[in-house]
Amino acid sequence: MDALLEAARDACENAYVPYSEYAVGAAIETADGSVYVGCNVENANFSNTLHAEGVAIAEAVADGHREFARLVVSAAARDGVTPCGRCRQTLAEFCAEEFPVYCDTGDGLREYALGELLPDTITPETLGVEE
């Protein structure tokens, strides 16, 4: 877990946050043990801002991964930030309700299950799509 936390913290250092000055990094581990990182990338048009968790997931998916083991999120503030709703829904596209999400509090990690963070998520079944 230490290596995943360190990867998230390292990614946080690369965040581009000239507007909010709130840097976030994320590291997601795939089912095969590969690690992908992301940081937030702000844009003057705020709707175009990329979130750390989404960047990490997109990198992994672009590399062919669809199964994930766990995620660590770290903000420069080390305030235990959790993924936003958009990122939670993105995680739910690939991960079960039991998927562990770890949030950096500075002196440790707080663990959540994805389903705890996003109950009653929109799923393919919700949309009437068979997997």
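Conventions adopted
The numbers attached to residues start from 1 for each chain and follow its sequence in the written order. pLDDT decides what is reported in this predicted model: residues at 70 or higher carry local features, side-chain atom pairs at 80 or more are listed and counted, and totals for whole chains, interfaces and linings draw on all residues regardless. Working from all heavy atoms in the structure, the side-chain values ignore hydrogens and water. Put simply, a patch holds well-exposed residues, over 30% relative accessible area, that have no salt bridge, with like charges counted together within 9 Å and Val, Leu, Ile, Met, Phe, Trp or Tyr side chains within 5 Å. To measure how exposed things are, a 1.4 Å probe is used in the Shrake-Rupley method; for residues, cover is taken only from the protein chains shown. Salt bridge criterion: a side-chain nitrogen from Lys or Arg within 4 Å of a carboxyl oxygen from Asp or Glu. Starting at the N terminus, helices and strands are each numbered in turn, a helix being any DSSP run of H or I of at least four residues and a strand any DSSP run of E of at least two. Working convention: axes come from line fits to C-alpha atoms, limited for helices to the stretch in contact. Angles between N-to-C directions cover 0 to 180 degrees. Any angle from 65 to 115 degrees is called roughly perpendicular, while one under 35 is roughly parallel, one over 145 is roughly antiparallel, and all others are oblique. Put simply, a crossing is left-handed when the front helix is turned counterclockwise from the back one by less than a right angle, and right-handed when it is turned clockwise. The contact criterion used throughout is that any non-hydrogen atoms of two residues lie within 4.5 Å. Residues are grouped as follows: Ala, Val, Leu, Ile, Met, Phe, Trp, Tyr, Cys and Pro are nonpolar; Asp, Glu, Lys and Arg are charged; all remaining types, including Gly, are polar. Three labels apply to residues, based on accessible area from a 1.4 Å probe with only protein chains included: buried if under 20% of the type maximum, exposed if over 50%, partly exposed otherwise in between. Strands are labelled as partners when DSSP assigns at least two bridges between them. A pair of cysteine sulfur atoms is labelled a disulfide when the two atoms are within 2.5 Å.

## Thoughts on a nonpolar patch on the surface
Thinking step 1. A surface patch of nonpolar side chains, amounting to about 510 Å² of accessible area, comprises Tyr16, Tyr19, Val41, Phe46 and Leu50.
Thinking step 2. Relative to the helices and strands, Tyr19 is located in the loop between α1 (2–12) and β1 (24–30).

## Quick notes on the packing of helix α2 (residues 52–62) against helix α3 (residues 85–94)
Thinking step 1. Closest axis-to-axis distance for the α2/α3 pair is 9 Å, and the angle between their directions is 25°. Taken together, the axes of α2 and α3 lie roughly parallel to each other. Classified by chirality, the crossing of α3 by α2 is left-handed. Every residue of α3 that contacts α2 at Glu53, Gly54, Ile57 and Val61 is listed here: Cys87, Thr90, Leu91 and Phe94.
Thinking step 2. In terms of residue class, the contact of α2 with α3 is made up of five nonpolar, two polar and one charged.

## Brief notes about the pairing of β1
Thinking step 1. Summarising burial for β1: seven of the seven residues are buried, a large majority.
Thinking step 2. Going residue by residue along β1, you find Val24, Ala26, Ile28 and Thr30 tucked away on one face and Gly25, Ala27 and Glu29 tucked away on the opposite face as well.
Thinking step 3. Looking at chain direction, β1 and strand β3 (residues 68–75) are connected through seven bridges and run antiparallel. Its bridge partner lying in β3, Glu29 is registered against Arg70.
Thinking step 4. As judged from the five bridges shared by β1 and strand β2 (residues 35–39), these two strands associate in the antiparallel manner.

## A few points about the state of the cysteines
Thinking step 1. The tally for this structure, following the rule as stated, stands at zero disulfides.
Thinking step 2. Here Cys12 stays unpaired: no disulfide links it, and the sulfur of Cys39, its closest cysteine neighbor, is 8.4 Å away.
Thinking step 3. Overall, the relative accessible area of 5% leaves Cys12 in the buried class.
Thinking step 4. Cysteine Cys103 is unpaired, with the sulfur of Cys87 as its nearest cysteine sulfur at 11 Å.

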